[in-house]
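Analysis of the macromolecular model
The chain contents come next:
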Amino acid sequence: MVEILALLADGFGIALQPLNLILIVLGCSVGLFIGAMPGLGSVNGVAILLPLTFVVPPASAIIFLAALYYGAMYGGAISSIMLGIPGASTAVATTFDGRPLALQGLADKALITAATASFVGGTISVILFTLAAPPLAHVALVFGPPETLALMLLAFATFVGLGGDDIWKTIFSICIGLVLAAVGTDIVSGEPRLQLFGLTGFFSNINFLVLAIGIYGIGEMLWTIEQTAKAGGASMLSRATVSVRRVLAHLRDQLTLWKATLMGSLLGYFVGILPAAGATPGSMMAYGVAKQLSANPDSFGKGNPEGVSAPEAANNAASTGSMLPMLTLGIPGSPTTAILLGGMVIWGLEPGPQLFVDEKAFVWGLIASLYAANLFALLLNLTFIPAFIAVLRLPFTILAPVIFVLCLVGGYAPTNRMFDVWLILVFGFVGYLLRKLDYPLAPAVLAIVLGPMTEPALRQSLLMSGGDLAIFFTRPYSGPIMVVAIALLALPLIRRLVRRFRTG
């Protein structure tokens, strides 16, 4: 422990050098803007700015990119709350309750909750990164296809309760998401499947961000237009206000959210260290678990602050956790860390256990910079809340066209395909209809995120066992996870039986 603290102190000496400190502030600021722009996100931001880092030392380069990564994690919540458009896939779960809070005139509360939860999640994950890197890296390495499938089933199990008492609508929504996730090319045979209407655009998978922006951008815009018309032309968003007294009151309220924030931080960090998992599944799972553990689960999706704090803590914790397998094993834990891994190779650094021995200044300078980046990102977020609130005071006749254009640009940017723009419009209309029919949208979004990870894990596991399903219950890690998942799947049915017994 003493040695770790000494190395961390040396790391702060590197991170707080004038050049590195400027890069941290610049990275957080640029990341905040990139994260708030629909369709960009941390992956595109790091990829675009990676060439600019070759003019500075490797330690300064990764400090800048890590700060940008952190800023983008914070920024993704801004457009999710303000406009109902996920800035990135990692912020989709924040939309579920962040947007309803904004519609209730509590956008400042949602933004403060997102900022503080992100700070707590980031801080806890960096502390865990500092103290427990080697053993957690070993656990991540043990995770194979059976464990991955068990974890994915656990995520679906936590989301079964998202549809309230109507479990069948929730299951239907999950099935729709899994069907959409299966569009594209078979991973084993290479044959195209589910070629809907003979359109060649379906030869590749449906981009998750296209679905999310369509449902939560276009769909939310159509819903708000309808509600504004019912209110006689007065937008509900115009009630958004901010003041020092309100900010202080909302900061005090964060103490009541400590359970959801702590759970999201720990869960997000663990999911983040799993290779190829990343922050999106972590935030989704944290939202589902928070609903299961909440004393008021029916308020989720209607503006419950716990529905903002849990996923925001999780996606920031996962962003730090995903760096662990990259540094200790040379295995990227997310798409963004895959780009960072490429940058390390270009800088002449070889990721792996030996990195902590040969490049102590690099590793501990990076770890110390995460503490600083986390603090600066929080201060920037809180400082700009009045500017974010000012956006909501714009007349919706001005805001709606801006949202529409941002949705189309955000859907086109990741893939550069006009086909995805048309898909956004279709998904937006379908999302609007499903909302009017009271079908939960969150489970469908979860399914299309986890579907491409679940199917390979299932097929690889069955190939390993020769078709024997017992492999999911006999392995030391997958077995307990499967039991918990099955228990969570049965929990809503048990609750209904108990309720009927008590009332009759």
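Here, the structure is the one placed above.
Residues numbered from 1 in each chain as written. Predicted model: local features only at pLDDT ≥ 70, side-chain atom pairs only at ≥ 80, totals over all residues. Heavy atoms only, no water.

**So, the overall build of the protein chain**
When its secondary structure is counted, the protein chain shows 23 helices and two strands. Counting only residues that meet the buried cut, the protein chain has 56% of its 504 residues in that class. For the protein chain, long-range pairs separated by at least 24 residues make up 78% of all intrachain contacts whose partners lie at least 6 apart in sequence. Only carbon and sulfur atoms are counted for the fraction: they give 72% of the accessible area of the protein chain, which is about 20500 Å². (Helix = DSSP H or I, 4+ residues; strand = E, 2+ residues; numbered from the N terminus. Buried < 20%, exposed > 50% of the residue type's maximum accessible area, 1.4 Å probe, protein only. Contact = heavy atoms within 4.5 Å. Areas by Shrake-Rupley, 256 points an atom, 1.4 Å probe, with all protein chains shown as cover.)

**Considering the packing of helix α2 (residues 18-36) against helix α17 (residues 360-383)**
Two numbers describe how α2 lies on α17: the axes approach to 9 Å, and their chain directions differ by 50 degrees. Between α2 and α17, the crossing angle belongs to the class labelled oblique. The way α2 lies across α17 gives a crossing that is right-handed. Residue-level contacts link L21, I24, V25, C28, S29 and L32 of α2 to S369, A372, A373, F376, A377, L380 and N381 of α17. Its residues placed into classes, the contact of α2 with α17 shows 10 nonpolar, three polar and no charged. (Axes fitted to C-alpha atoms, helices over the stretch in contact; angles between N-to-C directions. Parallel < 35°, antiparallel > 145°, perpendicular 65-115°, else oblique. Left-handed = near helix turned anticlockwise from the far one by under 90°. Nonpolar A, V, L, I, M, F, W, Y, C, P; charged D, E, K, R; others polar.)

**Details of the side chain of Q254**
Summarising the element assignment, Q254 is placed in the loop between α10 (244-253) and α11 (258-273). Residue classification places Q254 among the buried residues on the basis of a relative accessible area of 14%. Each residue touching Q254, except ones within four places of it in the same chain, is listed here: I112, T113 and T116.

**With respect to the pattern of salt bridges**
By the definition in use, this model includes three salt bridges. A salt bridge links R475 to E147; the shortest N-O distance between them is 2.8 Å. Linking R475 in the loop between α22 (471-474) and α23 (478-503) with E147 in helix α7 (residues 145-159), this pair joins segments that are 328 residues apart in sequence. Looking at E147, the relative accessible area reads 1%, which means it is buried. (Salt bridge = Lys/Arg side-chain N within 4 Å of Asp/Glu carboxyl O.)

**Here we look at the packing of aromatic side chains**
To describe a pair of aromatic rings, you give the distance between the ring centres and the angle between the ring planes. For the structure on display, the rule yields three aromatic pairs. Both rings, one in F96 and one in Y287, keep their centres 5.0 Å apart while their planes meet at 75 degrees; by these two values the pair is edge-to-face. One end of the pair, F96, is in helix α5 (residues 92-103); the other, Y287, is in helix α12 (residues 279-293), with 191 residues separating them in the sequence. We note that F96, like Y287, is buried. Aromatic pair Y287 and F300: ring centres 5.5 Å apart, planes at 75 degrees, arrangement edge-to-face. Placement of the pair is Y287 in helix α12 and F300 in the loop between α12 and α13 (306-321), with a sequence separation of 13 residues. Just as Y287 is buried, F300 falls in that class too. Members of the aromatic cluster, each reached through a chain of ring pairs, are F96, Y287 and F300. (Phe/Tyr/Trp six-rings, centres within 6.5 Å; stacked < 30°, edge-to-face > 60°.)

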